[in-house]
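Here's the letter readout for the chains.
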Amino acid sequence: MNLHSGTYYWPTTFPDAPSYPALEEDLSCDVLIIGGGSSGAQCAYYLSDSNLDVVVIEKSTIGSGSTSTNTALLQYSGEKMFTDLINTFGEGYIKRHLQLLKEAINEIEAATKKVSINCEFNRRDTLYSASCVDDVESLKKEYEFLKQQNCELTFLTKEDIEAKYPFSRDAAIYSYNDAEINPFRYTHALLEYAASKGIRIFEQTEMNGRHYDKEQDKMIVSTKNGHSIKARTIIFAAGYEGIEIKNEKKTSFVSTYTVTTHPVKDLSDWYNRTLIWETARPYLFMRTTNDNRIIIGGLDDNTSYSEDRDSKLIHKKKKLIEEFNKMFPTIQVQPEYSLAAFYGGTIDGIPIIGKYEAFPNCYFLFAFGDNGTVYSQLLSKLIAKEIVEGNCPDLALYLQERPLLNN
């Protein structure tokens, strides 16, 4: 899968990132994690304090897939409002989902304090604004639900927004204590931590075959460099490329675009350097970085063909800068990095843990959606808990055949 193209900011922030050898022998292990991006690293982190023998393989280098394009806004709110999700799954289900998402952000923060690499984690507030007056009512309804769940937030009127920002919107939810992170450094930090606990990590080691040995009750993976790995359990944490291994029908893809600017000298007009997004679909989103750059993203396109996606990058880059200038006319920006990438979501708005008959003893981690880093932290913890303890009731909420609304 041609995941992305363009120029990438995150890898430049960690030019001396740790590297790992390619696999040069046959192995056996308890758990094999396939994928050395954010999801694989989060799984390794949660398994690192267990007594299990764990191996991670990555077909290229750590963090070189979608992790390098991840804008890493850490929020519990997602593309589908919780009030809409309730209509599909029921209120009790979605209340628990919300609680787990909030816990996942806290877990990310806790992880950044345990590792030795600076992950550039910062708590940030979020401005989620109504893109038009017709969206104000649904935004108000969402605010009231979140308030009932003890979320820390405020509902802003048009006058409130204009008093804080150089642009105007009809209304907005202002959420406190969301966060941002450097996803490339975070992935490396988690894997370095896992390696220090004895987890074996191999780069340039691509799976090219697999089969289940019923007699041994093990999955056997073959690699392109001619070796095999026997594992009691496999976690496929290959991001969007996991769909090439198991085509999950509840997932869908569009194309998205991102610009990262040169560092900006003065961000004083950006109230609290909040994370910014909106109710429009496709939506625009913005954040700042530790070195005072601005990441502007969105303007998603329905194409799932990489050639079509990439041909639009120049136009999309120009449009993203124009949209930013409309909102912050006093902040002068120049694009330095720009990219086009596939963006995966789920049809019902909930991420997926896939468990399939055709893949015994395997988990597929599909942390698809606009909160991919948060989803991945949540799902990784649940998968690790079930592997280590033998049971995890919350995992059922995210299975591909998850329970729908109870009548």
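Each remark here, short or long, concerns the structure printed above.
Reading the values: the criteria
- Residues numbered from 1 in each chain as written.
- Predicted model: local features only at pLDDT ≥ 70, side-chain atom pairs only at ≥ 80, totals over all residues.
- Heavy atoms only, no water.
- Phe/Tyr/Trp six-rings, centres within 6.5 Å; stacked < 30°, edge-to-face > 60°.
- Helix = DSSP H or I, 4+ residues; strand = E, 2+ residues; numbered from the N terminus.
- Buried < 20%, exposed > 50% of the residue type's maximum accessible area, 1.4 Å probe, protein only.
- Pairing = 2+ DSSP bridges.
- Salt bridge = Lys/Arg side-chain N within 4 Å of Asp/Glu carboxyl O.
- Core = buried A, V, L, I, M, F, W, Y, C linked by side-chain atoms within 4.5 Å.
- Contact = heavy atoms within 4.5 Å.
- Expected span 1.5 Å × (residues − 1).
- Arc of directions from axis to C-beta.

Draft legend 1. Quick peek at the packing of aromatic side chains. For the structure shown, the criterion picks out 27 aromatic pairs. Ring centres of Tyr-9 and Tyr-337 lie 5.8 Å apart, and the angle between their planes is 50°; this geometry places the pair in the tilted category. With Tyr-9 in the loop between strand 1 (4-6) and strand 2 (27-34) and Tyr-337 in strand 16 (residues 335-346), this residue pair connects regions lying 328 residues apart in the sequence. Residue Tyr-337 is classed as buried on the basis of its relative accessible area of 14%. Ring plane angle 65° and centroid distance 5.1 Å describe the contact between Tyr-45 and Tyr-46, whose orientation is recorded as edge-to-face. In terms of burial, Tyr-45 and Tyr-46 fall into one category: buried.

Draft legend 2. Up close: the pairing of strand 2. Of all 8 residues in strand 2, 6 are buried, a share of seventy percent or more. For strand 2 and strand 11 (residues 228-236), the ladder comprises 7 bridges, and the chain directions are parallel. Each bridged residue has a counterpart across the sheet, and for Leu-32 the counterpart in strand 11 is Ile-234. Pairing of strand 2 with strand 3 (residues 54-57), which is carried by 4 bridges, proceeds in the parallel orientation.

Draft legend 3. Examining the pattern of salt bridges more closely. On inspection of all chains with the given rule, the structure shows 25 salt bridges. A salt bridge links Arg-124 to Glu-180; the shortest N-O distance between them is 3.1 Å. Placement of the pair is Arg-124 in strand 5 (residues 122-129) and Glu-180 in strand 7 (residues 171-180), with a sequence separation of 56 residues. Take Arg-124 and Glu-180: they sit in the same class, and that class is buried. Shared partners join several salt bridges into a network, and the residues in it are Asp-301, Asp-308, Lys-312 and Lys-316.

Draft legend 4. Spatial organisation of the nonpolar core. Membership of the largest hydrophobic core comes to 114 residues, with the highest contact counts inside it found for Leu-32 and Ile-33. Considering every element that reaches this core, the biggest residue donor is helix 3 (residues 91-114), with 9 residues. Not counting chain neighbours up to four residues away, the residues in contact with Leu-32 comprise Val-55, Ile-57, Val-221, Ile-229, Ala-231, Thr-233, Ile-234 and Ile-235.

Draft legend 5. Structural view of helix 9 (residues 313-327). The terminal C-alpha atoms of helix 9 lie 21 Å apart, and with 15 residues this matches the ideal 21 Å at 1.5 Å per residue to within 8%. All of the buried residues in helix 9 are Leu-313, Lys-316, Leu-320, Ile-321, Glu-323, Phe-324 and Met-327. Down the axis, helix 9 shows its buried residues gathered within 160° of arc, on one side only. Structural note: helix 9 exposes Ile-314, His-315, Lys-318 and Lys-326 on the side pointing more than 90 degrees away from its buried face.

Scope: geometric values only; no functional claims are made or implied.
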